[in-house]
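Listed below are the residues making up each chain.
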Amino acid sequence: MTKEKFNNFVGSVSTKLLKTVAFLLLAAGSLALNSANAQTAEADITGTVQSDKNIALAGVSVTVKGTNKGAVTNAKGEFELKRISGTATLVITLVGYNTLEYKLTAGKTNVSIRLSELVSTLDDVVVTGFQTINKKKFTGASVKLKADDIKIDGVADVSRMLEGRAAGVSVQNVSSTFGSAPKLRIRGATSISGDNKPLWVVDGVVLEDLINISNDQLSSGDPATLLGSAVAGLNVNDIETFDILKDAAATALYGARAMNGVVVITTKKGKAGKTQVSYTGNFSTQLKPTYNEYNILNSAQQMSVWGELERKGNLGPSLLSQSNFGVYGKMYDLMSADANGNFALENTVEARKAFLLRYAKENTDWFDILFRNSFVQEHSISISTGTDKSQSFFSASYYNDNGWTVADNVKRYTLNFRNNYTLSNKLNVGFLTTASYRDQLAPGTLSRTSNPVSGSFDRDFDLNPFSFSLNTSRAITAYDENGNREFFRRNFAPFNVLTELENNRLRINVIDLKLQGELGYKFTKNFKYDFIGSVRYVRSTRQHEISEQANMANAYRANGNSTIAENNKFLYRDPDKPESIPEVVLPYGGFLNRTENQLLSFDIRNTVSYTQTFNSKHVVTALAGQQVRLADRQNFSNTGYGYQYDNGGVPFTDPRILKQTIESNFPYYEFTKTADRFVGFYGNVDYLYDRRYSISVVGRYDGSNQLGSSKTARWLPTGTVSAAWNIDEENFMQHIDAVDYLKLRVSYGLTASLGPARNSNIVLRNKTPNRPYSTERESVIDLVNLENSEITWEKNYQLNFGIDYSMFKNRLSVTVEPWFRKSFDLIGSFKTSGIGGEAYKLANYADMKANGIDLLVSGQIIKKKDWGWKSTVTFGYSTTKITRIKNEPLVFDLVKPEGGNMEGYPVNGLFSIDYLRLISTNGTPIFVNENDQPNQAVYLQATGSDTFLIYQGQVDPKFTGGFNNSFTYKNFTLNAFLTYQAGNMIRLNPSFKNGYTDYDAMPKEFYDRFSVLGESFVNGVQPAIVDRVTAAQLSGTYAYNNYNYSTARVAKGDFIRLKSVSLSYSLPIVKANKIGFNALSFTVTAINPWLIYADKKLEGQDPEFFNAGGVAQPIQKQINFSIKAGL
Amino acid sequence: MKNTILYLSLLLLTAMAGCNKFLDKEPDNRAKLNSPEKVSQLLATAYPGANYMAFAESSTDNVADRANSNTPPNETRDPYMFKNVRSTFEDSPEFYWHGCYKAIAASNLALQAIEAAPDKQNYASQKGEALVTRAYAHFMLVNFFSKFYDPSTDNSSPGIPYVTEPENVVIKQYERKTVKYVYDMIEKDLLEGLPLIKDEAYVVPAYHFTRIATNAFAARFYLFKKDYAKVLSYTSQVVPTTAVASKLRPWNTSYAAMTRLELFNIYTRAIEPANLLLCETTSVYGRFIYDRFGYHVNTFRAIGIEVPVITTNTVTAQWQFAYQSYGGDNLVYIPKLNEYFVRVSVNAEIGNAYIMAPLFTMEEALFNRAEALTYTGNATEAISLLNNYLSTRVYFYTSSLHTLTAAKITAAYPGTLQNGLINTILAYKRMEFIHEGMRWFDILRYNIPVTHFVAGDTSPYSLTEEKKVFQLPQTAVLSGLQLNPRKD
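Not measured: the values here are computed from a predicted model.

Engineer: Looking at this structure, how should I read the overall build of chain A?
Structural biologist: Within chain A, the secondary structure is distributed over 17 helices and 54 strands. Here the C-alpha atoms of chain A give a radius of gyration of 33 Å, agreeing with the 32 Å that 2.2 N^0.38 yields for 1127 residues. When contacts within chain A are restricted to residue pairs at least 6 apart in sequence, long-range pairs at least 24 apart make up 70% of them. Carbon and sulfur atoms provide 55% of the accessible area of chain A, an area that totals close to 45,100 Å². Computed over 120 positive and 107 negative side-chain charges, the inter-centroid distance for chain A is 8 Å.

Here it is as structure tokens:
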């Protein structure tokens, strides 16, 4: 679409929309017509004054305009005026609130007056973290969200609240576990291998991540993801506003860090006036999942599939030498003689049938066993107080989630203390202290490893109750007939999930402390100096406690017979005795593994600014400043062998387990340190002419040590020019009533970000060589990366247009922002000639184009005394296209659920192996292989994959947005919020295998499988379960695994979700006062109650959630009850 | 105003200078090459961490199609059919190319660090190792990727880039120059480095160019150059004059009593004195040995049982190897190269496979010396060396029966004794180094014809002149290199 056509398109859409809304409004207005009779008698007037948050206001001055009569409100906000004109105008003033003129109506002697807070003028300013700019003057693209408007009671993580609230901001809840971050993007991806996450800025200071979680890692379920959310320690109730800075002009002062956009959080400040105490309590429950939401065979169906497997020779007595088994393995185990020659189960057809029948009837409800309707409570109290000279704000909160599953729970405490002092009319200072502590329990889990050979991800000892429930057959039981726990085999050791969850857990502690100081000094009226400095310390420990009863510990002791001993990878064979039988090297105890992360960061900024108005038409603002930032991170982990939890916590370590560890080249402890140093200089000149024309120029010069110690690569200048035209201020617009506000904006600029490369100088690192005998090892220095003297920052040019339009007394407002972005010097891994010594180099080797449009329509459709209806639609569209990248991805890199990158395709494109058909003779799948031939085998490690893979679409949604409706009737508010996304593709769960086990759950697709009926085949859509001969023929082709990554296993990611519905009721002031409150309100919220639309092919799989196991959990259905009280 | 700008810029400049110091902090804890010990540690990686055995051995007459149902890996199938190897993973020529150049980069970095060091004199042995490792990696590259050196020609065909300084740009342009140029450069580095080598500088000498290993390398270099006097001079530093047999692998004594796993355990171990230089290589070759193209039972019958020349109508002489050969169906292997599998984490099923490759052995030095002795007219001494060898290899060795003599040689290979002796050496070498890829160089040096058959294919695959040169990685064109003329 050319730009011209595009504008026409937008124009026609908005015109239609406006017409519709105008009609609605006219209809509503005619209903509201009322008449007034003029009377001029004197009257005694009583009344109450309350804030727009229904809090009674004391000390409000109420004067009668044009007279010297007046009154001050009492503690309940009440006032009384005797003998004044019944149609007089009252002037109501209070510090911190907008002054209001209230015209009395004759005959009405009791009035209720609402004052709006002065803070709400924040609506008219943009907080960039560096400056607070009047919206009229502002030339960039930004969205302001008030925390109170977007808060979903019961959702503890701030970043999740942004979903669907701002056009162009997409939030994908890849996991909902507390502490994990959603995949948050502002206007889509900007980088290919770097992070795409925006910068979080809290009260002017960038919030550094404790550990950096890469794009792919976000959805990996690894324990580290629980530390992924930078804002997990923030109390939602402390937040006043969010300013989301989207384009180059808005983020310009962040220079070379702002490529992915910025989210600025402003927390609450103390206010002059009466001390205000407010309490918020949230009480919620997360609902247990149920089987009808998921696509899993019941136990009888499962048993029939197993029957077929057994007939095909897949579930024979050889299971006994396997590391894992379920029902069938147990049967063969019981059929073998014990030490006394007795058989627990007779090997007769009847006995076997009876044994299996029990499991067929069992229909275990794993969700019922492993999940519970949790109880989450959150209490937050804040005290705000102050005078003209000093203000203070204090808040504390407690969050406790006793766990949706039997294996997790979280407690979080936060503290926020903020003081501002005006020491003289020149000097003011402010101090801010925040602290939070988190104590979390999660199922014991290990990081996953990707296996490019079979194209799967391996994670041993996965205990995640959610993935366990989905992956474990309903014919497996947790309890036997007598109600005792029943064990099956995993890693050659007995396994029961409940026992394991009790004995294998992850304990996470996070302490986060921040001190911040601010100082402002006015040299003259126009010339000002500002200082802001902060220090933050975060420490987290992850303690993986594996007790001696855990399967994971017992796996190290499983050596029942020589076959088991030979096959158990956890046993140890001395390399000097190659013919010996592997031995147990963990005779007692379990493990105590600790990982500790620390962050210490400093951020200091000095700014001088100058503002002058000439001839009351020319407003010039200029600022210049300097910033120094430092962040030191360290990471320590170690493995504690043989810790005896039951025996007084004494470790018993067999020296051979350390020998095994060292000989296998596993580090038994690790410690890494990274240092981030950053310096920036910035300057900005704004010029506003006659309130109409505004122009802004920003330049910034940044230096960082992240590229390595080369002196040339480290510096980068960035800059932006932008302009705005306030058309509504033009003389010719003054008579056009339809337009209250009309502004045109354009900005163009360069922003940047640091990519993942660190080799502006050579990177050498010590390592231990991989040699089998410890006596032959030495510490060596490995050449990790050659020097790359050409390395530079990842950069992009952004062009942004914006139209802000509002009419009908600001009751309808529309913002349209088309944007165009050209990213270049992106860092990608590409294959070199290798002659320099590095076959694959990370270099600035990719370019990308992106463009899109953000649209916001917001309307107060009905605004009447008792009832109102407010509606907001956000819509964001973005596409990306990699225009240049010299990488050589493997097939597996492209077909994996997270997608891969290829020239000419969007970032994170999802590709599939081309599935052709099932072979009619045995029901096995066939594909187009890397040589364009039909074949069962596709070499997942092949390169040059663009020739035979099918491009399916992008993993990141093209369209995202939300639709919010808020209805008020008297003291009731009903809010319904929908979110949607579209235009992306999802890889379905990998359910198909060459061989199946007697414990894995199968999806219902298996009912539609190719199967044998006597001699003939029954056609089905899904591949058949193969017999042993076919399986042997297929081995090495990974045909079934290929099927998982084929065109047959892809679904659309589009969805519409009812994100929340809430009903709140606030007590009328008078009633509240009677029971001693300033304000009191109650809200009931249902969170994620309904996934209205999703692709049927997903069969219950959540389109947002990556079922990666580990610590990942899908977003939950939750019911919340909230109380807000003001004292 | 002008002054303000001046002051501001001055202020900015001082600020920037301070900032530069602030920004000099390295982003992570990376190593610095600031002591002889650290340069030594870097040089431990100046050995190609890649393995040539799969593609070299698969191109020789040691392998045949076992016609089993295994899917043949591209790394052995393509060289077996004399095609360009499609794989770029471990055991492919491309992977070996990258491994060699990575080793060269380490050598060059070490040399650069030594050059910049204020106390250069303390780095003599490091300089020696750096030069020799640089020479070795280039030597292996030029032999695989360029036309094989032939002293009877001018060797003007394209060589491989001889890299002498660290690369610091994303894409650098290089030149192939000539094979002669590469050989000259190798000789220069080797001769400069050799006298500087000091064994005492090594922590684990078996994995470094010790004096003896460097001499063995020099011997191989001059053997390829056919400068036999030099081969004699260098091998004299390697092969002892007395008790030679005690330095060879004890196949018919202590090895004979070992089980399969015990043999695997000793063959590539540092305590085995015959291993002059071991190298840690990322390789799954240990598995390829059991795959479709490999040491075939028919080959075993032809070369693996009876010792050539010694075996006659009246005397039975069998290789001890035959009694240590394992296998089934068409498959035979000798437990030599064991895979060392390093899992990515304690609980992972996947990981990386390594093979400790013996790059130089006492046996090779012995054969090289015997060959040089033969060409310099000292057949008696050559035969005596070979007898030392046979005393450790023949099953139930009986000197009265199994001694090699000139008469036996000329009986087995009619013609001149010199010619017969060379054939004898090549035959023994072939068996000695089975699985190890050494045969490939003898095939190149003596133009030994190789023909391979593939089950199901009617026409055989023959080794042509063009196919004797492995293809460069496709990406080499990025650096301005011409690929080799071979088509497929």
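Engineer: How do you make sense of the overall build of chain B when you look at a structure like this?
Structural biologist: If you tally the helices and strands in chain B, you get 18 helices and nine strands. A compact globule built from 488 residues should have a C-alpha radius of gyration of about 23 Å, and chain B, at 25 Å, falls within 12% of that. For chain B, the C-alpha atoms occupy an extent of roughly 110 × 50 × 50 Å along the three principal directions. Expressed as a percentage of its 488 residues, the buried residues of chain B come to 60%. In chain B, the 46 positive side-chain charges and the 46 negative ones have mean positions that sit 2 Å from each other.

Engineer: Quick question: what am I supposed to make of unusual backbone geometry here?
Structural biologist: Note on backbone geometry: most residues besides glycine have negative phi, and most peptide bonds are trans. At Arg187 of chain A, a residue that is not glycine, the phi angle is positive and equals roughly 55°. As for its placement among the helices and strands, Arg187 of chain A is situated in the loop between strand E12 (183-186) and strand E13 (199-202). A positive phi angle, close to 75°, is found at Asp91 of chain B, a residue other than glycine. Among the secondary structure elements, Asp91 of chain B is positioned in the loop between helix H4 (74-80) and helix H5 (93-116). The class of Asp91 of chain B is buried, set by a relative accessible area of 0%.

Engineer: Quick question: what am I supposed to make of empty space enclosed by the protein here?
Structural biologist: Regions of empty space are outlined by a rolling probe, equal in size to a water molecule, passed over the atoms. Residue and element names in this part refer to chain A. In the structure shown here, the tally under the stated rule is 18 cavities of 30 Å³ or more. Along its surface, the largest cavity is lined by 27 residues, and Arg160, Ser176, Gln286, Gln1116 and Gln1118 are the ones closest to its centre. For the lining of the largest cavity, the secondary structure elements donating two or more residues are strand E19 (390-401) and strand E53 (1079-1094). A per-class count over the lining of the largest cavity returns 10 nonpolar, 12 polar and five charged. Mapped by element, the contributors of at least two residues to the lining of the second largest cavity are strand E20 (409-422), strand E21 (427-443) and strand E26 (504-522). Its residues assigned to classes, the lining of the second largest cavity shows nine nonpolar, seven polar and five charged.

Engineer: Help me out: how do you make sense of the packing of helix H2 (residues 36-43) of chain B against helix H6 (residues 124-145) of chain B in this one?
Structural biologist: When two helices pack together, their arrangement is given by the angle between the helix axes and the distance between those axes. Residue and element names in this part refer to chain B. Two elements in contact, H2 and H6, have axes separated by 10 Å at closest approach and are oriented at 20°. Classified by the angle their axes make, H2 and H6 are roughly parallel. Both H2 and H6 take part in a crossing whose hand is left-handed. Of the residues in H6, those touching H2 at Pro36, Val39, Ser40 and Leu43 are Gln126, Glu129, Ala130 and Thr133. A per-class count over the contact of H2 with H6 returns four nonpolar, three polar and one charged.

Engineer: Can you walk me through the packing of aromatic side chains in this structure?
Structural biologist: Remark: the centre distance and the inter-plane angle together describe each pair of aromatic rings, the angle taken between the planes. Scanning the model with the defined rule gives 91 aromatic pairs over all chains in all. Positioned above the aromatic ring of Tyr845 of chain A, the side-chain terminus of Arg884 of chain A is 5.3 Å from the ring centre.

Engineer: For this particular structure, what's the right way to read the interface of chain B and chain A?
Structural biologist: Many authors give the size of an interface as the accessible area that is lost as the parts come together. At the junction of the two partners, chain B supplies 73 residues and chain A supplies 83 residues. Taking both sides of the interface into account, the surface hidden between chain B and chain A amounts to around 6,900 Å²; carbon and sulfur atoms contribute 57%. Taken together, chain B and chain A are joined by seven salt bridges. Glu94 of chain B serves as the salt-bridge partner of Lys831 of chain A, at 2.7 Å between the closest nitrogen and oxygen. Where chain B touches chain A, the interface holds 36 residue pairs in polar contact (both at pLDDT 80 or more). Contributing elements (two or more residues each) for the side of chain B that touches chain A: helix H1 (2-23), H2, H4, H5, helix H10 (260-267), strand E6 (340-343) and strand E7 (351-361) of chain B. Counting residues per element, the side of chain B that touches chain A draws most heavily on H5 of chain B, at eight residues.

Engineer: How should the pattern of salt bridges be read in this particular structure?
Structural biologist: When their charged atoms lie close together, side chains carrying opposite charge are able to pair. All names here are of chain A. The final tally for this structure, using the stated rule, is 77 salt bridges over all chains. A salt bridge links Glu208 to Arg257, with the nearest nitrogen and oxygen atoms 3.3 Å apart. Note that Glu208 is positioned in the loop between strand E14 (205-206) and helix H3 (215-218) and Arg257 in the loop between helix H4 (248-251) and strand E16 (262-267), a separation of 49 residues in sequence. According to the relative accessible area criterion, Arg257 is partly exposed, its value standing at 21%. Between Arg692 and Asp690 there is a salt bridge whose closest N-O contact spans 2.6 Å. Here the salt bridges share partners, and the residues they tie into one network are Arg187, Lys246, Arg745, Asp804, Glu817 and Asp854.

Conventions used here
- Residues numbered from 1 in each chain as written.
- Chains lettered and ligands numbered in written order.
- Predicted model: local features only at pLDDT ≥ 70, side-chain atom pairs only at ≥ 80, totals over all residues.
- Heavy atoms only, no water.
- Helix = DSSP H or I, 4+ residues; strand = E, 2+ residues; numbered from the N terminus.
- Rg over C-alpha atoms; globule rule 2.2 N^0.38 Å.
- Contact = heavy atoms within 4.5 Å.
- Areas by Shrake-Rupley, 256 points an atom, 1.4 Å probe, with all protein chains shown as cover.
- Lys, Arg positive; Asp, Glu negative; His and termini not counted.
- Charge placed at Lys NZ, Arg CZ, Asp CG, Glu CD.
- Buried < 20%, exposed > 50% of the residue type's maximum accessible area, 1.4 Å probe, protein only.
- 1 Å grid on protein atoms, 1.4 Å probe; cavity = no way out; pocket = protein on both sides within 12 Å on 5 of 7 lines; lining within 4 Å.
- Points joined across faces, edges and corners; volume = space filled by probe spheres on them.
- Nonpolar A, V, L, I, M, F, W, Y, C, P; charged D, E, K, R; others polar.
- Axes fitted to C-alpha atoms, helices over the stretch in contact; angles between N-to-C directions.
- Parallel < 35°, antiparallel > 145°, perpendicular 65-115°, else oblique.
- Left-handed = near helix turned anticlockwise from the far one by under 90°.
- Phe/Tyr/Trp six-rings, centres within 6.5 Å; stacked < 30°, edge-to-face > 60°.
- Lys NZ or Arg CZ within 6 Å of the ring centre and 35° of its normal.
- Buried area = accessible area lost by both parts, 1.4 Å probe.
- Salt bridge = Lys/Arg side-chain N within 4 Å of Asp/Glu carboxyl O.
- Polar contact = N/O pair within 3.5 Å; in protein donor to acceptor, adjacent residues only side chain to side chain.

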